[in-house]
Amino acid sequence: MSRSGLFAMYNNNTDAFSTAASIYYGLFSMQHRGMDATGICINQNGQFKYKKEDGMVIDVFDENLLSRMEGHAGIGHVLHSNRSDVREYAQPIVIRYTSGQMAVALNGGLVNTEELRKELELQGAVFQTSDDAEIISVLISRARNRFETIEEAIADIMPKLRGAYALLVMTPRKIIGVRDPLGMKPLILGKKRNSLYFSSETCIYNELDVEVIREVMPGEIVTINQDGIKSFQQIHEEKRALCVYEYIYHSRPDSVLNGIEVFEAREVMGRILAKEAPVDADVIVWVPNSGLAAASGYAKALNLPLEDAFLKNKFHCNKFVQPTEDMVRRGVTMKLAVIKSRVCGKRVVVVDDSMVRGQQGGCWWIAPGCGSKGGSYADRGAGG
């Protein structure tokens, strides 16, 4: 299952900042959600123009390209993927079908991908990629032939989609936001003057001076167009299950989810961790960047000093695709260096949120003697 960022704008303001530039800045502010590939699809009076490539937003798009992509509506996507063939998974997916053009961008993924693919292939469908977004686009296009509106078509296929997802669908006349029935992946509505937005996070709304309207509800289908906002509540589940990584790792600290600031949530987690696992130590150290809030809460709860002892290489890309374990270890040590004077001779607690792979050598630290490197987080079972 991939981690992605979604951003969309339906521009109803003749004097507004350009649609393509707004989506560019929206994706740039959510670059932390995916650095492997990016794409933007713009609606130019009913005709779609799009660009998607592997790489980061700033590398794929420039001012000249964005000026040629201007239109009244658009959707954008940034992708994090653990696969080597990243270009194949770049989104949005853009297709032509009996009702015209459609662009689809997905955050999350399905657990019944192979089942759906096999069913569609037996019905004659031909796929260009192995991406979940293409499967969803085919399902919608086929269902659309049986219903008067695309919202009805999406509502029809939603029971078939098993997994955690937030979805953007653009047609020549509207943009549709969809959230899975449990609400595992976030999607937030915004407004600036008469223009309307979808975003995976609220952080970019602060930067673009966009008012947060509300979150798309779990199981809800929401349409934005020149007439405003229309809601279709398709599936109602009493249970909700927001992906825990949104609070721990995926989201930017200044974003707000379910009315709670992400930084505040992480700091509370640190305080709870201090109650559950207090340690007699001299200093608390955080692993940049997303370990800061939890470490702050942990240190405050135990009344211990918080020390900035890791130096992060800002040019290091968070990719673990090296062919050997030794190269994986080398990549980690090049990403993080220890400022020895901050921890030498001290009892250190390291608070981090990133140990999810279980790799040996996930992150090394300097032992109290400072003469040699100690064990990894994976070795010692730490991680916060």
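Structure first, text after, so check above.
Computed from a predicted structure; not experimentally measured.

1. Notes on the pairing of strand E3 (residues 47-54)
Successive side chains on a regular strand alternate, one facing one side of the sheet and the next facing the other. Pairing between strand E2 (residues 37-44) and E3: eight bridges, direction antiparallel. Each bridged residue has a counterpart across the sheet, and for Thr38 the counterpart in E3 is Glu53.

2. Examining the side chain of Ser200
Note on placement: Ser200 falls in the loop between strand E10 (195-199) and helix H7 (203-207). Owing to a relative accessible area of 0%, Ser200 belongs among the buried residues under this scheme. At 2.8 Å, the side chain of Ser200 and the backbone nitrogen of Leu6 are in polar contact. With residues up to four places along the chain from it excluded, the contact list for Ser200 reads Ser4, Gly5, Leu6, Met30, Arg33, Asn107, Pro186 and Ile188.

3. Details of helix H9 (residues 262-276)
When the terminal C-alpha atoms of H9 are compared, their 21 Å separation across 15 residues agrees well with the 21 Å that a helix rising 1.5 Å per residue should span. Here H9 has its buried residues at Val262, Ala265, Arg266, Glu267, Gly270 and Ala274. If you follow the buried residues of H9, they end up packed against helix H8 (244-250), strand E14 (256-257), strand E15 (260-261) and helix H10 (292-302).

4. Here's the deal with the sheet that holds strand E17 (residues 306-307)
Strand order in the open sheet formed by three strands is E17-E16-E20, and the pairing between neighbours is parallel. The sheet terminates laterally at E17 and strand E20 (348-351), the two strands that pair on one side only. Together, strand E16 (283-286), E17 and E20 form the strand contacts of H10, whose direction differs from that of E16 by roughly 165 degrees.

Cut-offs applied
Residues numbered from 1 in each chain as written. Predicted model: local features only at pLDDT ≥ 70, side-chain atom pairs only at ≥ 80, totals over all residues. Heavy atoms only, no water. Pairing = 2+ DSSP bridges. Helix = DSSP H or I, 4+ residues; strand = E, 2+ residues; numbered from the N terminus. Buried < 20%, exposed > 50% of the residue type's maximum accessible area, 1.4 Å probe, protein only. Polar contact = N/O pair within 3.5 Å; in protein donor to acceptor, adjacent residues only side chain to side chain. Contact = heavy atoms within 4.5 Å. Expected span 1.5 Å × (residues − 1). Axes fitted to C-alpha atoms, helices over the stretch in contact; angles between N-to-C directions.

Read these as geometric descriptors, not functional statements.
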